[in-house]
Amino acid sequence: MIQTQLASLVRSAMERAQSSGDLPAFPIPPFQMERPARKEHGDWSTSIALEVAKQAKMKPRDVADAIVKALGADPAEHIAGVEVAGPGFINIRLSHHWLTGLVRDVEQAGEAWGRSSATAPEKIQVEFVSANPTGPMHLGHGRWAAVGDTLARLLEASGNTVEREFYVNDFGVQMLKFGQSVAARYLELLGQKVEIPEGGYQGRYVIDIAKEILLEVGDKYRNVPDDERVAFMRVEGQRRMLLNQRLTLQRFGVEFDVWFSERSLHDEGAVERVVELLKQLGHLYEKDGALWLRTTDFGDDKDRVIVRSTDRMAAYLAADLAYFMDKLRRGFERLIYLVGADHHGWKREMQAAIRALGEDPEHCEFLIGQFVHLTRGGESVKMSKRTGEAVTFDELLDEVGVDAARYHFLRVSMDQSLNFDLEEVVRQSQENPVYYVQYAHARISSIVKHAREQGVTIAPLENVALEELQHESELDLLRKLGELPEAVEVGARRREPHRMTRYAEELASLFHSFYRDCRVVTDDEALTQARLHLVTAAQIGLRNTLGLLGVSAPESM
(Lines give C-alpha, C1' and ligand atoms only; values in the text may rest on other atoms or scores of the structure.)
Protein backbone atom coordinates (compact mmCIF):
# COMPACT_ATOMS: atom_id res chain seq x y z
CA MET A 1 0.00 0.00 0.00
CA ILE A 2 1.32 3.42 -0.99
CA GLN A 3 0.76 4.99 2.43
CA THR A 4 2.89 2.25 4.01
CA GLN A 5 5.64 2.88 1.47
CA LEU A 6 5.51 6.64 2.07
CA ALA A 7 5.55 6.23 5.86
CA SER A 8 8.61 4.00 5.49
CA LEU A 9 10.33 6.62 3.32
CA VAL A 10 9.60 9.38 5.83
CA ARG A 11 10.86 7.23 8.71
CA SER A 12 14.07 6.44 6.80
CA ALA A 13 14.52 10.14 6.05
CA MET A 14 14.17 10.94 9.77
CA GLU A 15 16.80 8.33 10.60
CA ARG A 16 19.15 9.82 8.00
CA ALA A 17 18.52 13.30 9.40
CA GLN A 18 19.41 12.03 12.86
CA SER A 19 22.59 10.42 11.54
CA SER A 20 23.63 13.64 9.80
CA GLY A 21 22.90 15.75 12.86
CA ASP A 22 20.05 17.71 11.30
CA LEU A 23 17.79 16.08 13.90
CA PRO A 24 18.80 15.00 17.42
CA ALA A 25 18.52 11.38 18.44
CA PHE A 26 15.11 10.36 19.81
CA PRO A 27 12.80 7.33 19.38
CA ILE A 28 10.65 7.79 16.28
CA PRO A 29 7.03 6.92 17.22
CA PRO A 30 4.59 5.14 14.90
CA PHE A 31 2.75 7.58 12.65
CA GLN A 32 0.20 7.62 9.86
CA MET A 33 0.06 9.16 6.42
CA GLU A 34 -3.22 11.00 5.92
CA ARG A 35 -5.17 12.31 2.94
CA PRO A 36 -5.07 16.14 2.91
CA ALA A 37 -8.46 17.81 3.08
CA ARG A 38 -7.63 19.94 0.05
CA LYS A 39 -6.35 18.63 -3.25
CA GLU A 40 -3.78 21.42 -3.68
CA HIS A 41 -2.02 20.16 -0.55
CA GLY A 42 -0.90 17.03 -2.36
CA ASP A 43 -1.83 13.35 -2.28
CA TRP A 44 -0.57 12.44 1.20
CA SER A 45 0.40 14.31 4.32
CA THR A 46 1.90 13.61 7.74
CA SER A 47 2.04 15.59 10.97
CA ILE A 48 4.99 13.64 12.38
CA ALA A 49 7.10 16.82 12.64
CA LEU A 50 4.53 18.36 14.98
CA GLU A 51 4.33 15.16 17.01
CA VAL A 52 8.10 14.88 17.69
CA ALA A 53 8.96 18.58 17.96
CA LYS A 54 8.94 18.48 21.76
CA GLN A 55 11.26 15.45 21.82
CA ALA A 56 13.56 17.11 19.30
CA LYS A 57 13.45 20.43 21.20
CA MET A 58 12.95 22.16 17.87
CA LYS A 59 10.21 24.11 16.16
CA PRO A 60 7.88 21.76 14.25
CA ARG A 61 8.59 23.50 10.96
CA ASP A 62 12.35 23.12 11.46
CA VAL A 63 11.84 19.40 12.08
CA ALA A 64 9.77 19.18 8.91
CA ASP A 65 12.46 21.04 6.91
CA ALA A 66 15.09 18.54 8.09
CA ILE A 67 12.90 15.60 7.06
CA VAL A 68 12.18 17.09 3.64
CA LYS A 69 15.90 17.77 3.12
CA ALA A 70 16.68 14.11 3.87
CA LEU A 71 13.89 12.94 1.56
CA GLY A 72 15.34 15.03 -1.26
CA ALA A 73 18.76 13.47 -0.77
CA ASP A 74 17.36 10.07 -1.75
CA PRO A 75 14.40 10.75 -4.07
CA ALA A 76 11.91 7.98 -4.78
CA GLU A 77 10.48 7.50 -8.25
CA HIS A 78 6.89 7.60 -7.05
CA ILE A 79 7.28 11.03 -5.40
CA ALA A 80 6.92 14.12 -7.60
CA GLY A 81 7.31 16.68 -4.86
CA VAL A 82 7.49 17.28 -1.11
CA GLU A 83 6.78 20.52 0.70
CA VAL A 84 6.33 21.85 4.22
CA ALA A 85 3.01 23.54 4.90
CA GLY A 86 1.57 25.51 7.81
CA PRO A 87 3.12 24.88 11.22
CA GLY A 88 4.99 21.75 10.04
CA PHE A 89 2.87 19.43 7.92
CA ILE A 90 4.76 17.48 5.27
CA ASN A 91 2.77 17.20 2.02
CA ILE A 92 3.71 14.71 -0.67
CA ARG A 93 2.63 14.65 -4.33
CA LEU A 94 2.79 11.36 -6.20
CA SER A 95 4.54 11.18 -9.55
CA HIS A 96 2.68 10.89 -12.85
CA HIS A 97 4.72 7.76 -13.58
CA TRP A 98 3.49 6.07 -10.38
CA LEU A 99 -0.14 7.08 -10.95
CA THR A 100 -0.30 5.77 -14.52
CA GLY A 101 1.55 2.64 -13.43
CA LEU A 102 -1.49 1.82 -11.29
CA VAL A 103 -3.28 0.72 -14.46
CA ARG A 104 -0.67 -2.01 -14.87
CA ASP A 105 -0.78 -2.94 -11.18
CA VAL A 106 -4.58 -3.24 -11.15
CA GLU A 107 -4.84 -5.24 -14.36
CA GLN A 108 -2.10 -7.63 -13.31
CA ALA A 109 -3.65 -8.16 -9.87
CA GLY A 110 -7.18 -8.60 -11.25
CA GLU A 111 -9.45 -10.11 -8.61
CA ALA A 112 -6.67 -9.73 -6.04
CA TRP A 113 -6.52 -5.92 -6.38
CA GLY A 114 -7.30 -4.45 -2.97
CA ARG A 115 -6.17 -7.54 -1.10
CA SER A 116 -3.06 -7.58 1.05
CA SER A 117 -1.06 -9.78 3.39
CA ALA A 118 -1.50 -8.97 7.07
CA THR A 119 1.71 -8.21 8.95
CA ALA A 120 0.37 -10.31 11.82
CA PRO A 121 -2.41 -12.54 10.38
CA GLU A 122 -4.84 -14.03 12.85
CA LYS A 123 -7.26 -16.92 12.98
CA ILE A 124 -10.51 -15.04 13.57
CA GLN A 125 -14.03 -16.18 14.26
CA VAL A 126 -16.90 -13.85 13.43
CA GLU A 127 -20.18 -14.84 15.07
CA PHE A 128 -23.20 -12.98 13.76
CA VAL A 129 -26.96 -13.14 13.13
CA SER A 130 -27.51 -16.05 15.60
CA ALA A 131 -31.26 -15.59 15.41
CA ASN A 132 -33.45 -17.69 17.69
CA PRO A 133 -34.96 -20.62 15.74
CA THR A 134 -38.40 -19.67 17.03
CA GLY A 135 -39.56 -17.38 14.23
CA PRO A 136 -38.69 -15.70 10.93
CA MET A 137 -35.69 -13.42 10.81
CA HIS A 138 -36.40 -9.71 11.16
CA LEU A 139 -34.74 -6.67 9.61
CA GLY A 140 -32.10 -6.41 12.32
CA HIS A 141 -30.95 -9.93 11.46
CA GLY A 142 -30.65 -8.82 7.84
CA ARG A 143 -28.47 -5.90 8.81
CA TRP A 144 -26.17 -8.10 10.92
CA ALA A 145 -25.97 -10.63 8.09
CA ALA A 146 -24.76 -7.93 5.70
CA VAL A 147 -22.37 -6.33 8.19
CA GLY A 148 -20.95 -9.59 9.55
CA ASP A 149 -20.41 -11.17 6.15
CA THR A 150 -18.77 -8.05 4.70
CA LEU A 151 -16.56 -7.65 7.76
CA ALA A 152 -15.47 -11.28 7.32
CA ARG A 153 -14.69 -10.61 3.64
CA LEU A 154 -12.59 -7.57 4.57
CA LEU A 155 -10.69 -9.51 7.23
CA GLU A 156 -9.99 -12.28 4.68
CA ALA A 157 -8.90 -9.72 2.08
CA SER A 158 -6.45 -8.36 4.68
CA GLY A 159 -4.71 -11.72 4.99
CA ASN A 160 -6.48 -13.29 7.96
CA THR A 161 -8.06 -16.73 8.26
CA VAL A 162 -11.74 -16.20 9.04
CA GLU A 163 -14.56 -18.52 10.09
CA ARG A 164 -18.19 -17.43 10.06
CA GLU A 165 -20.34 -18.96 12.78
CA PHE A 166 -24.06 -18.94 13.59
CA TYR A 167 -24.89 -19.74 17.22
CA VAL A 168 -28.19 -21.63 17.35
CA ASN A 169 -30.08 -20.72 20.54
CA ASP A 170 -31.87 -24.08 20.73
CA PHE A 171 -32.00 -24.55 24.50
CA GLY A 172 -34.05 -23.12 27.33
CA VAL A 173 -37.47 -21.75 28.14
CA GLN A 174 -38.08 -20.05 24.78
CA MET A 175 -37.56 -23.29 22.89
CA LEU A 176 -39.99 -25.03 25.26
CA LYS A 177 -42.57 -22.27 24.66
CA PHE A 178 -42.05 -22.63 20.93
CA GLY A 179 -42.63 -26.40 21.09
CA GLN A 180 -45.77 -25.85 23.17
CA SER A 181 -47.05 -23.26 20.70
CA VAL A 182 -46.59 -25.55 17.68
CA ALA A 183 -48.17 -28.44 19.63
CA ALA A 184 -51.20 -26.27 20.46
CA ARG A 185 -51.68 -25.29 16.82
CA TYR A 186 -51.30 -28.93 15.75
CA LEU A 187 -54.10 -30.01 18.10
CA GLU A 188 -56.17 -27.04 16.98
CA LEU A 189 -55.88 -28.19 13.36
CA LEU A 190 -57.14 -31.60 14.52
CA GLY A 191 -60.28 -29.94 15.87
CA GLN A 192 -59.36 -29.67 19.52
CA LYS A 193 -59.92 -26.45 21.43
CA VAL A 194 -56.62 -25.50 23.07
CA GLU A 195 -55.02 -22.42 24.56
CA ILE A 196 -51.71 -21.00 23.38
CA PRO A 197 -49.40 -21.17 26.43
CA GLU A 198 -48.70 -17.94 28.26
CA GLY A 199 -45.69 -16.27 26.67
CA GLY A 200 -46.02 -18.56 23.64
CA TYR A 201 -45.63 -17.71 19.96
CA GLN A 202 -48.71 -16.31 18.20
CA GLY A 203 -47.43 -15.67 14.66
CA ARG A 204 -49.14 -17.09 11.61
CA TYR A 205 -45.90 -18.92 10.78
CA VAL A 206 -46.55 -21.22 13.79
CA ILE A 207 -49.82 -22.34 12.17
CA ASP A 208 -47.95 -22.92 8.90
CA ILE A 209 -45.39 -25.11 10.68
CA ALA A 210 -48.15 -27.08 12.40
CA LYS A 211 -49.84 -27.63 9.02
CA GLU A 212 -46.61 -28.96 7.51
CA ILE A 213 -46.15 -31.36 10.42
CA LEU A 214 -49.77 -32.50 10.21
CA LEU A 215 -49.38 -33.27 6.52
CA GLU A 216 -46.26 -35.27 7.28
CA VAL A 217 -47.26 -37.27 10.38
CA GLY A 218 -51.05 -37.09 10.38
CA ASP A 219 -52.75 -37.43 13.79
CA LYS A 220 -49.94 -39.59 15.22
CA TYR A 221 -49.35 -37.12 18.08
CA ARG A 222 -52.99 -36.46 18.93
CA ASN A 223 -53.24 -38.83 21.89
CA VAL A 224 -49.65 -39.12 23.09
CA PRO A 225 -48.55 -37.61 26.45
CA ASP A 226 -48.16 -33.84 26.36
CA ASP A 227 -44.41 -33.96 27.04
CA GLU A 228 -43.83 -36.32 24.13
CA ARG A 229 -45.93 -34.19 21.77
CA VAL A 230 -44.21 -30.95 22.80
CA ALA A 231 -40.74 -32.49 22.51
CA PHE A 232 -41.47 -33.68 18.98
CA MET A 233 -43.00 -30.36 17.93
CA ARG A 234 -40.04 -28.47 19.37
CA VAL A 235 -37.54 -30.52 17.38
CA GLU A 236 -39.58 -30.45 14.16
CA GLY A 237 -40.45 -26.78 14.50
CA GLN A 238 -36.83 -25.89 15.13
CA ARG A 239 -35.67 -27.96 12.15
CA ARG A 240 -38.04 -26.11 9.85
CA MET A 241 -37.15 -22.68 11.22
CA LEU A 242 -33.43 -23.39 10.86
CA LEU A 243 -33.95 -24.54 7.28
CA ASN A 244 -35.85 -21.33 6.60
CA GLN A 245 -33.02 -19.27 8.11
CA ARG A 246 -30.38 -21.11 6.08
CA LEU A 247 -32.28 -20.61 2.83
CA THR A 248 -32.88 -16.92 3.54
CA LEU A 249 -29.22 -16.34 4.33
CA GLN A 250 -28.08 -18.29 1.27
CA ARG A 251 -30.42 -16.17 -0.83
CA PHE A 252 -28.75 -13.12 0.74
CA GLY A 253 -25.31 -14.42 -0.21
CA VAL A 254 -24.26 -15.38 3.31
CA GLU A 255 -22.80 -18.83 3.97
CA PHE A 256 -21.80 -19.90 7.48
CA ASP A 257 -18.92 -22.29 8.04
CA VAL A 258 -20.37 -23.54 11.32
CA TRP A 259 -23.88 -23.71 12.79
CA PHE A 260 -23.18 -24.28 16.48
CA SER A 261 -25.87 -25.70 18.75
CA GLU A 262 -26.26 -24.25 22.25
CA ARG A 263 -27.96 -27.50 23.27
CA SER A 264 -24.75 -29.40 22.45
CA LEU A 265 -22.94 -27.48 25.20
CA HIS A 266 -25.45 -28.79 27.75
CA ASP A 267 -25.62 -32.32 26.33
CA GLU A 268 -21.81 -32.69 26.30
CA GLY A 269 -21.32 -31.32 29.83
CA ALA A 270 -19.49 -28.15 28.77
CA VAL A 271 -21.79 -25.92 30.80
CA GLU A 272 -21.36 -27.99 33.96
CA ARG A 273 -17.60 -27.95 33.47
CA VAL A 274 -17.38 -24.17 33.25
CA VAL A 275 -19.49 -23.79 36.42
CA GLU A 276 -17.22 -26.27 38.20
CA LEU A 277 -14.13 -24.38 37.00
CA LEU A 278 -15.47 -21.10 38.38
CA LYS A 279 -16.24 -22.86 41.64
CA GLN A 280 -12.68 -24.22 41.86
CA LEU A 281 -11.31 -20.74 41.17
CA GLY A 282 -13.29 -19.47 44.16
CA HIS A 283 -15.46 -16.98 42.29
CA LEU A 284 -18.92 -18.41 43.13
CA TYR A 285 -21.13 -17.98 46.18
CA GLU A 286 -24.64 -18.98 47.28
CA LYS A 287 -27.35 -16.37 47.81
CA ASP A 288 -31.16 -16.66 47.88
CA GLY A 289 -30.94 -20.26 46.69
CA ALA A 290 -28.98 -19.30 43.54
CA LEU A 291 -25.31 -19.61 42.65
CA TRP A 292 -23.70 -16.24 41.86
CA LEU A 293 -20.50 -15.25 40.03
CA ARG A 294 -18.51 -12.39 41.59
CA THR A 295 -18.21 -10.41 38.37
CA THR A 296 -17.87 -7.18 40.40
CA ASP A 297 -14.37 -8.38 41.27
CA PHE A 298 -13.57 -8.15 37.56
CA GLY A 299 -15.11 -4.86 36.49
CA ASP A 300 -18.87 -5.56 36.29
CA ASP A 301 -21.41 -3.26 37.97
CA LYS A 302 -23.12 -6.17 39.75
CA ASP A 303 -22.66 -9.88 40.38
CA ARG A 304 -24.42 -12.30 38.04
CA VAL A 305 -26.44 -15.47 38.55
CA ILE A 306 -24.70 -18.53 37.14
CA VAL A 307 -27.18 -21.19 38.42
CA ARG A 308 -30.83 -20.20 38.95
CA SER A 309 -32.64 -20.72 42.24
CA THR A 310 -35.96 -21.66 40.64
CA ASP A 311 -34.91 -24.87 38.88
CA ARG A 312 -31.16 -25.14 39.70
CA MET A 313 -30.49 -24.90 35.96
CA ALA A 314 -27.49 -23.06 34.60
CA ALA A 315 -28.27 -19.46 33.62
CA TYR A 316 -27.54 -18.17 30.12
CA LEU A 317 -24.19 -16.72 31.28
CA ALA A 318 -22.90 -20.24 32.02
CA ALA A 319 -23.73 -21.35 28.47
CA ASP A 320 -22.14 -18.20 27.03
CA LEU A 321 -18.94 -18.91 28.94
CA ALA A 322 -18.95 -22.56 27.88
CA TYR A 323 -19.34 -21.40 24.29
CA PHE A 324 -16.44 -18.97 24.74
CA MET A 325 -14.21 -21.74 26.10
CA ASP A 326 -15.17 -23.97 23.17
CA LYS A 327 -14.04 -21.21 20.77
CA LEU A 328 -10.68 -21.03 22.52
CA ARG A 329 -10.38 -24.81 22.30
CA ARG A 330 -10.79 -24.54 18.54
CA GLY A 331 -7.73 -22.32 18.32
CA PHE A 332 -9.17 -18.93 17.44
CA GLU A 333 -6.86 -16.03 18.23
CA ARG A 334 -9.58 -13.38 17.99
CA LEU A 335 -13.31 -13.63 18.61
CA ILE A 336 -15.72 -11.08 17.16
CA TYR A 337 -19.34 -11.00 18.34
CA LEU A 338 -21.90 -8.90 16.45
CA VAL A 339 -24.85 -8.22 18.74
CA GLY A 340 -27.85 -5.92 18.98
CA ALA A 341 -28.34 -2.66 20.83
CA ASP A 342 -29.82 -4.45 23.85
CA HIS A 343 -26.48 -6.14 24.63
CA HIS A 344 -24.52 -3.30 26.25
CA GLY A 345 -24.90 -4.84 29.71
CA TRP A 346 -24.10 -8.31 28.36
CA LYS A 347 -20.81 -7.04 26.91
CA ARG A 348 -19.65 -5.78 30.32
CA GLU A 349 -20.90 -8.97 31.96
CA MET A 350 -19.02 -11.21 29.50
CA GLN A 351 -15.78 -9.26 29.79
CA ALA A 352 -15.85 -9.59 33.57
CA ALA A 353 -16.76 -13.28 33.46
CA ILE A 354 -13.96 -14.00 30.98
CA ARG A 355 -11.49 -12.39 33.40
CA ALA A 356 -12.91 -14.57 36.17
CA LEU A 357 -11.98 -17.59 34.05
CA GLY A 358 -8.41 -16.30 33.91
CA GLU A 359 -8.65 -15.43 30.21
CA ASP A 360 -7.96 -12.15 28.45
CA PRO A 361 -11.06 -10.37 27.09
CA GLU A 362 -8.82 -8.21 24.90
CA HIS A 363 -8.99 -11.02 22.34
CA CYS A 364 -12.79 -10.69 22.27
CA GLU A 365 -14.52 -7.88 20.44
CA PHE A 366 -18.18 -7.11 21.04
CA LEU A 367 -19.55 -4.99 18.20
CA ILE A 368 -22.91 -3.54 19.16
CA GLY A 369 -25.25 -2.41 16.43
CA GLN A 370 -28.34 -0.26 16.34
CA PHE A 371 -31.88 -0.77 15.07
CA VAL A 372 -33.39 -0.64 11.58
CA HIS A 373 -36.38 1.66 11.05
CA LEU A 374 -38.44 0.70 8.00
CA THR A 375 -40.20 3.47 6.11
CA ARG A 376 -41.95 3.97 2.78
CA GLY A 377 -41.78 7.47 1.35
CA GLY A 378 -40.84 8.75 4.79
CA GLU A 379 -43.81 7.07 6.52
CA SER A 380 -43.10 4.41 9.13
CA VAL A 381 -43.92 0.81 8.10
CA LYS A 382 -44.86 -1.32 11.10
CA MET A 383 -46.74 -4.26 9.64
CA SER A 384 -46.69 -6.44 6.56
CA LYS A 385 -49.67 -5.91 4.25
CA ARG A 386 -49.66 -9.64 3.52
CA THR A 387 -49.62 -11.03 7.06
CA GLY A 388 -50.60 -8.11 9.28
CA GLU A 389 -47.51 -8.90 11.36
CA ALA A 390 -44.01 -7.43 11.56
CA VAL A 391 -42.23 -7.27 8.20
CA THR A 392 -39.78 -10.16 7.93
CA PHE A 393 -36.36 -10.20 6.32
CA ASP A 394 -37.67 -12.45 3.53
CA GLU A 395 -40.48 -10.02 2.73
CA LEU A 396 -37.96 -7.20 2.51
CA LEU A 397 -35.86 -9.20 0.04
CA ASP A 398 -38.97 -9.97 -2.01
CA GLU A 399 -39.66 -6.27 -2.38
CA VAL A 400 -36.22 -4.69 -2.85
CA GLY A 401 -33.91 -7.52 -3.93
CA VAL A 402 -30.63 -8.77 -2.49
CA ASP A 403 -28.26 -6.16 -3.93
CA ALA A 404 -30.28 -3.16 -2.79
CA ALA A 405 -30.84 -4.66 0.66
CA ARG A 406 -27.19 -5.55 1.24
CA TYR A 407 -25.88 -2.23 0.01
CA HIS A 408 -28.28 -0.10 2.05
CA PHE A 409 -27.78 -2.18 5.19
CA LEU A 410 -24.05 -1.43 4.80
CA ARG A 411 -24.19 2.30 4.06
CA VAL A 412 -24.45 3.42 7.67
CA SER A 413 -22.06 2.60 10.49
CA MET A 414 -23.52 -0.22 12.54
CA ASP A 415 -23.37 1.85 15.74
CA GLN A 416 -25.96 4.21 14.24
CA SER A 417 -29.64 3.45 13.70
CA LEU A 418 -30.59 2.91 10.07
CA ASN A 419 -33.60 4.38 8.27
CA PHE A 420 -34.45 1.98 5.45
CA ASP A 421 -36.87 3.64 3.02
CA LEU A 422 -38.40 1.13 0.61
CA GLU A 423 -39.15 3.71 -2.09
CA GLU A 424 -35.62 5.11 -2.10
CA VAL A 425 -33.98 1.70 -2.11
CA VAL A 426 -35.76 0.44 -5.24
CA ARG A 427 -35.56 3.71 -7.20
CA GLN A 428 -33.48 3.20 -10.36
CA SER A 429 -31.85 6.61 -10.65
CA GLN A 430 -28.51 8.30 -10.05
CA GLU A 431 -29.78 9.29 -6.59
CA ASN A 432 -29.86 5.62 -5.57
CA PRO A 433 -26.27 4.82 -4.49
CA VAL A 434 -26.29 1.09 -5.33
CA TYR A 435 -27.72 1.84 -8.77
CA TYR A 436 -25.15 4.63 -9.19
CA VAL A 437 -22.21 2.30 -8.45
CA GLN A 438 -23.52 -0.65 -10.47
CA TYR A 439 -24.27 1.63 -13.40
CA ALA A 440 -20.63 2.76 -13.48
CA HIS A 441 -19.57 -0.87 -13.84
CA ALA A 442 -22.17 -1.55 -16.54
CA ARG A 443 -21.24 1.65 -18.40
CA ILE A 444 -17.62 0.46 -18.70
CA SER A 445 -18.82 -2.77 -20.30
CA SER A 446 -20.79 -0.65 -22.74
CA ILE A 447 -17.68 1.44 -23.55
CA VAL A 448 -15.59 -1.66 -24.27
CA LYS A 449 -18.39 -3.12 -26.41
CA HIS A 450 -18.65 0.15 -28.36
CA ALA A 451 -14.89 0.14 -28.97
CA ARG A 452 -15.06 -3.36 -30.43
CA GLU A 453 -17.99 -2.38 -32.61
CA GLN A 454 -15.82 0.46 -33.92
CA GLY A 455 -13.16 -2.06 -34.87
CA VAL A 456 -10.84 -1.19 -31.97
CA THR A 457 -8.90 -4.12 -30.55
CA ILE A 458 -7.56 -3.57 -27.05
CA ALA A 459 -3.78 -3.80 -27.30
CA PRO A 460 -1.62 -5.75 -24.83
CA LEU A 461 -0.74 -3.56 -21.88
CA GLU A 462 3.00 -3.67 -22.60
CA ASN A 463 2.31 -1.94 -25.93
CA VAL A 464 0.23 0.88 -24.42
CA ALA A 465 1.59 4.38 -23.74
CA LEU A 466 0.05 5.02 -20.33
CA GLU A 467 1.81 8.38 -20.16
CA GLU A 468 -0.95 9.59 -22.51
CA LEU A 469 -3.19 9.80 -19.44
CA GLN A 470 -2.79 13.48 -18.57
CA HIS A 471 -6.29 14.86 -17.97
CA GLU A 472 -7.03 15.74 -14.36
CA SER A 473 -10.15 13.53 -14.40
CA GLU A 474 -7.98 10.59 -15.48
CA LEU A 475 -5.47 11.24 -12.71
CA ASP A 476 -8.21 11.68 -10.09
CA LEU A 477 -9.67 8.32 -11.09
CA LEU A 478 -6.23 6.72 -10.80
CA ARG A 479 -5.66 8.23 -7.36
CA LYS A 480 -8.92 6.74 -6.12
CA LEU A 481 -8.12 3.34 -7.67
CA GLY A 482 -4.85 3.36 -5.76
CA GLU A 483 -6.73 3.80 -2.49
CA LEU A 484 -8.58 0.47 -2.61
CA PRO A 485 -5.94 -1.55 -0.68
CA GLU A 486 -5.94 1.17 1.98
CA ALA A 487 -9.76 1.25 2.15
CA VAL A 488 -9.88 -2.52 2.64
CA GLU A 489 -7.16 -2.53 5.29
CA VAL A 490 -8.70 0.36 7.25
CA GLY A 491 -12.22 -1.06 6.98
CA ALA A 492 -11.00 -4.39 8.34
CA ARG A 493 -8.79 -2.92 11.07
CA ARG A 494 -11.44 -0.52 12.35
CA ARG A 495 -14.27 -3.06 11.89
CA GLU A 496 -16.10 -0.51 9.71
CA PRO A 497 -17.44 -2.21 6.58
CA HIS A 498 -19.57 0.86 5.80
CA ARG A 499 -16.37 2.53 4.60
CA MET A 500 -16.49 0.34 1.50
CA THR A 501 -19.81 1.80 0.34
CA ARG A 502 -18.32 5.27 0.68
CA TYR A 503 -15.29 4.18 -1.34
CA ALA A 504 -17.51 2.56 -3.99
CA GLU A 505 -19.53 5.74 -4.42
CA GLU A 506 -16.42 7.94 -4.60
CA LEU A 507 -14.84 5.66 -7.23
CA ALA A 508 -18.07 5.57 -9.23
CA SER A 509 -18.38 9.36 -9.02
CA LEU A 510 -14.85 9.88 -10.32
CA PHE A 511 -15.48 7.43 -13.14
CA HIS A 512 -18.67 9.25 -14.13
CA SER A 513 -16.71 12.55 -14.08
CA PHE A 514 -14.05 11.00 -16.28
CA TYR A 515 -16.73 9.75 -18.67
CA ARG A 516 -18.15 13.27 -18.85
CA ASP A 517 -14.77 14.90 -19.47
CA CYS A 518 -12.86 12.35 -21.56
CA ARG A 519 -14.02 10.55 -24.67
CA VAL A 520 -12.57 7.03 -24.64
CA VAL A 521 -12.69 6.05 -28.33
CA THR A 522 -11.07 8.87 -30.27
CA ASP A 523 -9.07 9.42 -33.46
CA ASP A 524 -5.91 9.33 -31.35
CA GLU A 525 -5.06 5.62 -31.26
CA ALA A 526 -2.49 5.89 -28.44
CA LEU A 527 -4.87 7.87 -26.22
CA THR A 528 -7.74 5.49 -27.01
CA GLN A 529 -5.69 2.47 -25.91
CA ALA A 530 -4.55 4.17 -22.72
CA ARG A 531 -8.12 5.14 -21.83
CA LEU A 532 -9.48 1.67 -22.62
CA HIS A 533 -6.99 0.21 -20.17
CA LEU A 534 -7.85 2.91 -17.63
CA VAL A 535 -11.55 2.03 -17.74
CA THR A 536 -10.66 -1.67 -17.58
CA ALA A 537 -8.72 -1.00 -14.37
CA ALA A 538 -11.59 1.12 -13.03
CA GLN A 539 -14.00 -1.73 -13.71
CA ILE A 540 -11.77 -4.13 -11.80
CA GLY A 541 -11.77 -1.72 -8.86
CA LEU A 542 -15.55 -1.37 -8.94
CA ARG A 543 -16.12 -5.12 -9.31
CA ASN A 544 -13.76 -6.01 -6.47
CA THR A 545 -15.34 -3.42 -4.19
CA LEU A 546 -18.86 -4.62 -4.95
CA GLY A 547 -17.65 -8.18 -4.39
CA LEU A 548 -16.44 -7.29 -0.91
CA LEU A 549 -19.89 -5.85 -0.23
CA GLY A 550 -21.55 -9.02 -1.53
CA VAL A 551 -23.26 -7.01 -4.28
CA SER A 552 -23.36 -8.05 -7.94
CA ALA A 553 -21.50 -6.16 -10.68
CA PRO A 554 -23.82 -6.21 -13.72
CA GLU A 555 -22.51 -5.98 -17.27
CA SER A 556 -25.62 -4.14 -18.41
CA MET A 557 -28.49 -2.25 -16.81
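Not measured: the values here are computed from a predicted model.

A. Main features of the packing of aromatic side chains. Following the criterion strictly, the structure yields 20 aromatic pairs and no others. When the ring of Phe 178 is compared with that of Tyr 201, the centres are 5.8 Å apart and the planes differ by 85°; the resulting orientation is edge-to-face. Of the two residues, Phe 178 sits in helix α6 (residues 173-189) while Tyr 201 sits in the loop between α6 and α7 (204-217), which places them 23 residues apart along the sequence. For Phe 178, a relative accessible area of 0% corresponds to the buried category. The interplanar angle of 70° and the centroid separation of 5.8 Å between the aromatic rings of Tyr 337 and Trp 346 together place this pair among those described as edge-to-face.

B. Inspection of the sheet that holds strand β12 (residues 372-376) at higher detail. Taken in spatial order, the 3 strands make up an open sheet running β13-β12-β14, and their pairing is mixed. Of all strands in the sheet, those bounded by a partner on one side alone are β13 (379-380) and β14 (418-421). Packing against the sheet, helix α14 (residues 402-410) makes contact with β12 and β14, and its axis sits at approximately 155° to β14.

C. View of the side chain of Thr 295. Here Thr 295 shows up in the loop between β8 (290-293) and β9 (304-307). Leaving out residues up to four positions away in the same chain, Thr 295 has contacts with Asp 300, Lys 302, Asp 303, Arg 304, Glu 349, Ala 352 and Ala 353.

D. Expanded view of the pattern of salt bridges. Inspection of the entire model under this criterion finds 43 salt bridges. For the salt bridge of Arg 38 with Glu 40, the shortest nitrogen-to-oxygen distance reads 2.7 Å. Taking relative accessible area as the criterion, Arg 38 reaches 48% and is therefore assigned partly exposed. Residue Arg 493 pairs with Glu 489 through a salt bridge whose shortest N-O separation is 2.7 Å. A residue pair is termed a helical-turn pair when its members lie 3 or 4 positions apart in one helix, as Arg 493 and Glu 489 do in helix α18 (residues 484-493) at 4 residues. Its relative accessible area of 42% is what places Arg 493 among the partly exposed residues. Beyond isolated ion pairs, a larger network of salt bridges with shared partners links Lys 39, Asp 43, Glu 472, Asp 476 and Arg 479.

E. Here's a closer look at the packing of helix α5 (residues 139-157) against α14. At a minimum axis distance of 9 Å, the contact between α5 and α14 shows a crossing angle of 80°. By the angle class used here, α5 and α14 are roughly perpendicular. Taken together, the residues of α14 that come into contact with α5 (itself represented by Leu 139, Gly 142, Arg 143, Ala 146, Val 147, Asp 149, Thr 150 and Arg 153) are Arg 406, Phe 409 and Leu 410. Classifying every residue of the contact of α5 with α14 by side-chain character gives 5 nonpolar, 2 polar and 4 charged.

F. Structural detail: the sheet that holds strand β11 (residues 364-368). Read from one edge of the open sheet, 5 strands run β6-β5-β4-β10-β11, paired in parallel fashion. Every interior strand has two partners, whereas the edge strands, β6 (258-261) and β11, have only one. Looking at each pair of strands side by side, their axes are set apart by 25° on average, direction ignored. With 5 bridges joining them, strand β4 (residues 123-127) and strand β5 (residues 161-168) adopt parallel strand pairing. Within the sheet, the bridge partner assigned to Ile 124 lies in β5 and is Val 162. Docked against the sheet, helix α12 (residues 344-356) engages β10 (334-339) and β11, running at close to 175° with respect to β11.

The rules behind the values
- Residues numbered from 1 in each chain as written.
- Predicted model: local features only at pLDDT ≥ 70, side-chain atom pairs only at ≥ 80, totals over all residues.
- Heavy atoms only, no water.
- Phe/Tyr/Trp six-rings, centres within 6.5 Å; stacked < 30°, edge-to-face > 60°.
- Helix = DSSP H or I, 4+ residues; strand = E, 2+ residues; numbered from the N terminus.
- Buried < 20%, exposed > 50% of the residue type's maximum accessible area, 1.4 Å probe, protein only.
- Pairing = 2+ DSSP bridges.
- Contact = heavy atoms within 4.5 Å.
- Axes fitted to C-alpha atoms, helices over the stretch in contact; angles between N-to-C directions.
- Salt bridge = Lys/Arg side-chain N within 4 Å of Asp/Glu carboxyl O.
- Parallel < 35°, antiparallel > 145°, perpendicular 65-115°, else oblique.
- Nonpolar A, V, L, I, M, F, W, Y, C, P; charged D, E, K, R; others polar.

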